[in-house]
Amino acid sequence: MDESTSTAQPVRINSEPAQLQALQPLIEAVGELVGDVPALLEIAKDIGRTAPHPGEGSTGKLWEVLASVTAVDVAAGRVLEPHLDAVHILAQAGQPEPEGAWGVFAAEGPGMRLEAARDQSGNNVLNGAKPWCSLASQLDGAVITAHLPGGQGRAAFAVNLQQPGVTCETPEWTSRGLREIPSGTVHFEQVPATLLQGPGWYHERPGFAWGGIGVAACWLGGAVGLARDFAQSLTDAADKGREPDQLALAHLGEIDRLIASAAALLARTAERIDAILTGAGPSAWSEAQRARGTVAAAVERIQALVSQNRGPGPLAFDEWYGKQMADLSLYVRQHHAMRDDAQLGSLALKGDRAW
């Protein structure tokens, strides 16, 4: 089977089919560059100059870009998404468009702490360590959260990763998934940084929730790629005289329902985001948790159905399929399952619900 034809198609969220064709050259280029991270970063930089910003009228189109790229290769979507997120965060903070390829490092880890302070000249500097910094050694800069002095909380900073004082660890990445995108610890020693906004802004802005839904669009795209590959496998088998049985057809029908439902929710959420350009806090985050949870559940179910139907053969001998499965399994674990549902349940109990 030729995955370049079965999966390299745009993923629709709310555009008309004719509009989606503008994405075809992009996803074909991505298909030719699978595994070439420097080249994918160049593509990310190009897309970042023209991609819509969330909440400015074309949020659905932004998510279509992310989903369409990830349908071809999950790792390519994992390269693209954080760069676009960084571009959007900087724009929300009133900063100019960044030069080069950027990431977003906001994770915390036990025994690690990144602290912001003032040097003798009164400039912001960072000291400490930050975990889960994907592709840090290959990026030009990043939006990074750090703890402010005096217990003020965390704030977001823009940091040039190519300056002295930045040391990127090479992690012992044992996972089959996302092998070309290891996420290690970065150490900072008196590294100059530009404060974007005050304490709490990074997590309280609506864009934080919107960026989280962009990740969910990537998850959905990865599942769409697997679903298309599954459908193509059934067609190929039928061409050779082996018609799909009722179980295979029922599972394909369920996959169709899951994708349609998840895409419809993303489309509706994108419309709500574009219609309400102000407001932050629980409402924005509850929208994100609904979308992320719904998409994550759909993705995991699609993976299970495809894997059960296709059996061990493709996992053992089909490079694209095995890579897509492993990459997506790791990527979707950014969703915290029942812990995220517990957050959503807490918001629902306080009245932040539509039912």
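In the block above lies the structure referred to throughout.
Predicted model only: the values in this text are computed from it and were never measured. (Residues numbered from 1 in each chain as written. Predicted model: local features only at pLDDT ≥ 70, side-chain atom pairs only at ≥ 80, totals over all residues. Heavy atoms only, no water.)

A.B. asks: Which residues make up the overall build of the chain, and what are the values?
C.D. replies: The number of helices and strands found in the chain is 13 helices and eight strands. The C-alpha atoms of the chain give 21 Å as radius of gyration, which agrees with the globular expectation for 355 residues (20 Å, within 12%). Viewed in the frame of its principal axes, the chain has a C-alpha envelope of about 75 × 45 × 40 Å. For the chain, the residues scored as buried account for 53% of the 355 residues in total. Entry remark: accessible area of the chain is about 16300 Å², with carbon and sulfur atoms responsible for 52%. Within the chain, the 41 negative side-chain charges are centred at a point lying 7 Å from the centre of the 27 positive side-chain charges. (Helix = DSSP H or I, 4+ residues; strand = E, 2+ residues; numbered from the N terminus. Rg over C-alpha atoms; globule rule 2.2 N^0.38 Å. Buried < 20%, exposed > 50% of the residue type's maximum accessible area, 1.4 Å probe, protein only. Areas by Shrake-Rupley, 256 points an atom, 1.4 Å probe, with all protein chains shown as cover. Lys, Arg positive; Asp, Glu negative; His and termini not counted. Charge placed at Lys NZ, Arg CZ, Asp CG, Glu CD.)

A.B. asks: An account of the pairing of strand E2 (residues 114-118) is needed here, citing residue identities and associated values.
C.D. replies: As defined by bridge partners, E2 adjoins strand E3 (residues 124-134) across five bridges and the pair is classed as antiparallel. Looking at E3, one finds that Ala 116 is bridged to Leu 126. The hairpin formed by E2 and E3 contains five residues between the paired strands, and Gly 122 there has a positive phi angle of roughly 85°. (Pairing = 2+ DSSP bridges.)

A.B. asks: How would you summarise the environment of Glu 64 if you had to cite specific residues and measurements?
C.D. replies: Here Glu 64 is to be found in helix H5 (residues 59-72). The exposure class assigned to Glu 64 is buried, which follows from its relative accessible area of 2%. As for Glu 64 and Trp 102, which are separated by 38 residues in sequence, their C-alpha atoms are 21 Å apart. The residues touching Glu 64, leaving out its near neighbours within four places in the chain, are Val 11, Arg 12, Ile 13, Asn 14, Ser 15, Leu 20 and Leu 23. Polar contacts involving the side chain of Glu 64 include one to the main-chain amide nitrogen of Asn 14, which spans 2.9 Å. (Contact = heavy atoms within 4.5 Å. Polar contact = N/O pair within 3.5 Å; in protein donor to acceptor, adjacent residues only side chain to side chain.)

A.B. asks: Describe the packing of H5 against helix H9 (residues 246-275), listing the residues and the values that go with them.
C.D. replies: For the pair H5 and H9, the least separation of the axes is 8 Å and the interaxial angle reads 135°. Classified by the interaxial angle, the pair formed by H5 and H9 is oblique. In this structure, H5 contributes Thr 59, Gly 60 and Trp 63 to the contact, and H9 contributes Leu 266, Thr 269, Ala 270, Ile 273 and Asp 274. Tallied by class, the residues present in the contact of H5 with H9 amount to four nonpolar, three polar and one charged. (Axes fitted to C-alpha atoms, helices over the stretch in contact; angles between N-to-C directions. Parallel < 35°, antiparallel > 145°, perpendicular 65-115°, else oblique. Nonpolar A, V, L, I, M, F, W, Y, C, P; charged D, E, K, R; others polar.)

A.B. asks: Kindly report on the layout of surface pockets, identifying the contributing residues and their values.
C.D. replies: By volume, the largest pocket is sized at about 1100 Å³. Forming the boundary of the largest pocket are 41 residues, of which Arg 78, Val 104, Ala 107, Val 215 and Gln 334 lie nearest the centre. Going through the elements one at a time, helix H6 (74-92), strand E1 (102-105), E3, helix H7 (201-204), helix H8 (206-239), helix H10 (282-310), helix H12 (319-331) and helix H13 (338-349) are the ones with two or more residues in the lining of the largest pocket. Here the residues of the lining of the largest pocket are counted per class, giving 20 nonpolar, 12 polar and nine charged. (1 Å grid on protein atoms, 1.4 Å probe; cavity = no way out; pocket = protein on both sides within 12 Å on 5 of 7 lines; lining within 4 Å. Points joined across faces, edges and corners; volume = space filled by probe spheres on them.)

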